[in-house]
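Structural description and commentary
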Amino acid sequence: AMGQGQMTTLPLLVARRLGIGADAVHVVQGDSDEVPGGLPTVASRSTMMVGGAIARACDEALEKGRRLAAERLEASAVDIEFTHGRYRVAGTDRGIGLLELANETRELDTVAAFAAAEMSFPNGCHVCEVEIDPETGSVRVVGYSAVDDVGEIVHPTIVEGQIHGGVAQGLGQVLGEHVLYGEGGQLLSASFMDYALPRADDLPRLRLDHHVAPCRSNPLGVKGAGESGVAGSLPSAVSAVLDALASRGVKHLDLPLTAQRVWQALQA
């Protein structure tokens, strides 16, 4: 994990699938003695890929548990119901909890893999509003609204945090982030004193909403959320600046749209 919120989201997926508390779920990652090999957490794949594997593993474990619970409760497996983390003989109060059953046997241990049949694509609409000081070329983002479709939302706070971070990253690339080298190859923007990373007061309050269209290529119906913010903020911010400069005849500017570049374009 490098900021995706996996240690919050993944236990929720397991807990909801198994009907148990999230505090009963322990996630182990990055330990080659404990976990199988895998791919990096890139391309907004964490919840979709790991979540798909979680869903399969949980469903397979529950089916194993149904058979074991039937043996324990001396009933037919078709008469065993599972709700709220507990197996119960239909129409009776006889039952056993999933975790209680797991404490008695290792037969519920399950490994499952998931490979998506096709890619998933989040969708959205981002609107950026900027104001430009014609005397200095300074660009200020004064409004930002977005509606995103990231499929089913597992953890709303994590999703909104991902979109907030993506928007900030995109606006940073548009308005100031630039790797500069001197004539001798010396990196001139080697610290955050010189590299224009956006700060909290560079952004307005973001207004976000969601349009949920479940994805059909994974069992959770989720889509990537980590990149929707940056994918929307890049073109919307550039379009906003060029729209503001259009009355002065400016039709094109290379990134980043720094105050100096905007001022120079206005003078030209």
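First things first, this report covers the structure right here in the doc. For clarity, every value in this text was computed on a predicted model and none was experimentally measured.

Rules behind the numbers
- Residues numbered from 1 in each chain as written.
- Predicted model: local features only at pLDDT ≥ 70, side-chain atom pairs only at ≥ 80, totals over all residues.
- Heavy atoms only, no water.
- Axes fitted to C-alpha atoms, helices over the stretch in contact; angles between N-to-C directions.
- Helix = DSSP H or I, 4+ residues; strand = E, 2+ residues; numbered from the N terminus.
- Parallel < 35°, antiparallel > 145°, perpendicular 65-115°, else oblique.
- Left-handed = near helix turned anticlockwise from the far one by under 90°.
- Contact = heavy atoms within 4.5 Å.
- Nonpolar A, V, L, I, M, F, W, Y, C, P; charged D, E, K, R; others polar.
- Buried < 20%, exposed > 50% of the residue type's maximum accessible area, 1.4 Å probe, protein only.
- Pairing = 2+ DSSP bridges.
- Core = buried A, V, L, I, M, F, W, Y, C linked by side-chain atoms within 4.5 Å.
- Expected span 1.5 Å × (residues − 1).
- Phe/Tyr/Trp six-rings, centres within 6.5 Å; stacked < 30°, edge-to-face > 60°.

1. What about the packing of helix α1 (residues 6-18) against helix α2 (residues 46-73)?
- Direction vectors running N to C along α1 and α2 enclose 30°, while the axes themselves pass 9 Å from each other. What the angle tells us is that α1 and α2 run roughly parallel. Pair α1 / α2 crosses with right-handed handedness. Contacts between α1 and α2 involve Gln6, Thr9, Leu10, Leu13, Val14, Arg17 and Leu18 on the former and, on the latter, Ser46, Thr47, Val50, Gly51, Ile54, Ala55, Cys58, Asp59 and Leu62.
- Broken down by class, the residue content of the contact of α1 with α2 amounts to 9 nonpolar, 5 polar and 2 charged.

2. Things to note about the environment of Leu39
- Position of Leu39 relative to the elements: it lies in the loop between α1 and α2.
- Residue classification places Leu39 among the exposed residues on the basis of a relative accessible area of 67%.

3. Here we look at the pairing of strand β2 (residues 86-89)
- Burial along β2 is one-sided: the face carrying Tyr87 and Val89 is buried and the face carrying Arg86 and Arg88 is not.
- Where strand β1 (residues 80-83) lies against β2, 4 bridges are found, and the strand directions are antiparallel. Of the residues in β2, the one forming a bridge with Ile80 is Val89.
- Connecting the antiparallel pair β1 and β2 is a turn made up of 2 residues, with His84 showing a positive phi of about 50°.

4. Examining the nonpolar core
- Core analysis: the largest hydrophobic core is formed by 27 residues, its most contacted members being Leu18, Ile80, Tyr87, Leu98 and Leu101.
- Mapped by element, the contributors of at least two residues to this core are α1, α2, β1, β2 and α3 (98-104).
- Leaving out residues up to four positions away in the same chain, Leu98 has contacts with Leu18, Ile20, Leu62, Phe82, Gly85, Arg86, Tyr87 and Leu108.
- With 25 residues, the next largest nonpolar core counts Cys128, Val139, Val141 and Leu206 among its residues.

5. Remarks on the sheet that holds strand β6 (residues 206-210)
- Pairing in this open sheet of 3 strands is mixed, and the strands run β4-β5-β6 from one edge to the other. Two strands bound the open sheet, and with one partner strand each, they are β4 (123-132) and β6. The sheet shows a mean angle of 10° between the axes of neighbouring strands, direction not considered.
- Note: β4 against strand β5 (residues 139-149), 10 bridges, orientation antiparallel. Paired with Val130 across the bridge in β5 is Val141.

6. Structural notes on helix α4 (residues 156-175)
- Between the first and last C-alpha of α4 there are 28 Å, a value that for 20 residues agrees with the 28 Å anticipated at 1.5 Å per step.
- Those residues of α4 that fall on the buried side of the exposure criterion are Val159, Gln162, Ile163, Gly166, Val167, Ala168, Gly170, Leu171, Gly172 and Val174.
- For α4, the secondary structure elements touched by its buried residues are β4, β5, β6 and α5 (228-245).

7. With respect to the packing of aromatic side chains
- Throughout the structure, instances matching the rule amount to 2 aromatic pairs.
- An angle of 50° between the planes, with centres 4.7 Å apart, marks the rings of Phe82 and Tyr87 as tilted. Each member of the pair, Phe82 together with Tyr87, is buried.

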